[in-house]
Amino acid sequence: MTASKKIYFYPTWLRIWHGINALGIIILIVTGISMQNIESTFIGFNSAVSLHNIAGVIVTIGYFIFFIANIVTSNGKFYIVKPKGFIKRPLKQAIYYIWGMFHKMKAPYPLSEKRKFNPLQKYFYIIVMYLAVPAVIISGIALLFPEIIIENVYNLSGIFVTAIFHSALGFFISVFLLIHVYVATIGKSPLENFKSIVSGWHHV
Amino acid sequence: MKFRFLLISIFFYCLLWSSSAQSYQDAANHACLKCHSNQTFTFHNELMDSEDRRLMNPFYILDTVALVAGVHNQFDCLDCHSYDYETYPHAANLKLEPLGTCLDCHGGDDSFASYQFEKILEETEKSIHSQICGEKFTCEKCHSQHTYATTARTSNNVMDIVEYSNNMCLSCHNDMTKFQLVSGEQNAQLVQVHDWLPNQELHFKHVRCIECHTNVVDDLMVSHNILGKEQAVKNCVECHKANSRLKSSLYKYQNLQSRSDDGTFNAVLSNQSYVIGTHQSPLLKLLSIIIFIATFGGVVVHSIFRIFKK
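Anyway, here's the lowdown on the structure attached to this text. Computed from a prediction, not measured in an experiment: that's the story for all the values here.

Comments concerning the overall build of chain B
In terms of helices and strands, chain B carries 17 helices and two strands. The buried share of chain B, reckoned over its 310 residues, is 13%. For chain B, the share of sequence-separated contacts (at least 6 apart) that also reach a separation of at least 24 residues comes to 50%.

What follows is the structure in structure tokens.
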């Protein structure tokens, strides 16, 4: 085996943002679940609500930094999807995860300077970072300022619908986090990718 | 200049006049209340040249304590009623005088914007009352313009709010005479109609009628679309399951209240109001458990394969 090539994938701003965001999201998930199960809160109901609000604001600010940085820096180009092979490419990657990797096949889309994410990963990140997170932020802000919510959605209370939407999205993001952390263990060694997001350097 | 002087003098005259008219406190010397706050009244009979004492029509006796506490205590009787009432006996055709409606003063005025009078009117027009009685069902059928107080906004005691609110309903629905005046029918028998409701007395004391008899709106203050018994809430679970019905309107109320007490950004963050019950949807709960177990199962199976199929 030749000496592995290193690529500087994660610039400092991204690693700081990722760290804060990770911590924030974990706090949001823990406090969010605590609020749902009123009987068994770790930190007490009222502090769970306050902590959830504070973490929500921090993640929101972080999101804006992430969003702007992706426009300003070259990092944004990794999120661009080409119409060619729109379904075929992520499917190929999924088959690799389910079948290929256990049959000594090579990864269909090896990472390089031009490709930071494999196609499947890219799709998931786009859905989470450009759909789910903005939606959860907007509904979260609405719940902080309930006077801006439409009063009735058909026959249901607008606040109630917003709250359901917000927690359903929160749940979706929790499931994403589980998958995200697990897939991160699929590297050269299980801990390799975790080292990369701290140091910035990725071994190809 | 002369015109401005005239305006100013009119203003001060009005001020002086209104302050002198402010005599609800002293009912015995108030031109109207000296009769209209008592069971009997005395007047000089010019034909017979005698002092006569008569019984006051009980419906025209005003509760002076409530009058002083009411929102309109700044106004004198004649601000709304005809000046001709100053003479006694009152002329018969005064009964026909058109009185101002609430919206005549409160409508389209920014200073009353927070009360949302237009929205209230809109909601009221959808209500069962308007469907049955049409335009005859005016605001004052529930909110006496003489004694109305903004209890729901000012009181800190929920029991007071409930009692005040329910008394508005009961003033007709528990009163044969007033009920007939509006509906033309015999009294709706409240106790019998609510026979199905367990702990009826407790409910009547602690829950506003409108909690079940209005459409849910997130704003606590504008529940004016009163529903008939067919559409009213009759399902215990709708309230007794930490669900939206009471909680969402109270959520907004509590949220705004705590923010108005402490206007800083901190108040937004430390706000402890929470929409309870969003996890109570059994379908969503089941679905989330299934999705979570499936994902977790997938991860476990995948890692087992990774360990053994390397």
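We are not done yet, so read on.
Some details on the pairing of strand β2 (residues 50-55) of chain B
Residues and elements named next belong to chain B. Among the six residues that make up β2, zero are buried, leaving the element largely open to the surroundings. Bridging between strand β1 (residues 40-45) and β2 involves six bridges; their strand directions are antiparallel. In the sheet register, Asn-45 faces β2, and the bridge partner there is Ser-50. Counting the residues that bridge the hairpin from β1 to β2 gives four residues, and of these Asp-49 lies at a positive phi of roughly 50°.

Looking at the environment of B:Gln189
All names here are of chain B. Relative to the helices and strands, Gln-189 is located in the loop between α10 (176-183) and α11 (190-193). Its 11 C-beta neighbours within 10 Å are what place Gln-189 among the exposed residues. For the pair Gln-189 and Met-176, spaced 13 residues apart in sequence, the C-alpha separation works out to 9.7 Å.

A word on the nonpolar core
Residue and element names in this part refer to chain A. The biggest cluster of nonpolar side chains holds eight residues, and these are Ile-25, Leu-28, Ala-55, Val-59, Val-133, Val-136, Leu-169 and Ile-173. Listed by contribution, the elements that provide at least two residues to this core are α1 (12-36), α2 (45-72), α4 (119-144) and α5 (158-184). The contacts of Ala-55, once residues within four sequence positions are left out, are Gly-24, Ile-27, Leu-28 and Thr-31. If you look at the next biggest cluster of nonpolar residues, it comprises seven residues, including Ile-149, Phe-160, Val-161 and Ile-164.

A short note on unusual backbone geometry
Residue and element names in this part refer to chain B. In this chain, Tyr-88 is followed by Pro-89 through a cis amide linkage whose omega measures 0°. Relative to the helices and strands, Pro-89 resides in the loop between α4 (77-80) and α5 (102-106). For Asp-49, which is not a glycine, the phi torsion comes out positive at approximately 50°. Looking at the element boundaries, Asp-49 is found in the loop between β1 and β2. Given 7 C-beta atoms within 10 Å, Asp-49 falls into the exposed group. The residue Gln-116 is not glycine, and still its phi comes out positive at about 55°. Structurally, the position occupied by Gln-116 is in the loop between α5 and α6 (117-126).

Each value, and the rule that gives it
Residues numbered from 1 in each chain as written. Chains lettered and ligands numbered in written order. Predicted model: local features only at pLDDT ≥ 70, side-chain atom pairs only at ≥ 80, totals over all residues. Helix = DSSP H or I, 4+ residues; strand = E, 2+ residues; numbered from the N terminus. Buried ≥ 20, exposed ≤ 12 C-beta atoms within 10 Å, placed from the backbone. Contact = placed C-beta atoms within 7 Å. Pairing = 2+ DSSP bridges. Core = buried A, V, L, I, M, F, W, Y, C linked by C-beta atoms within 7 Å.

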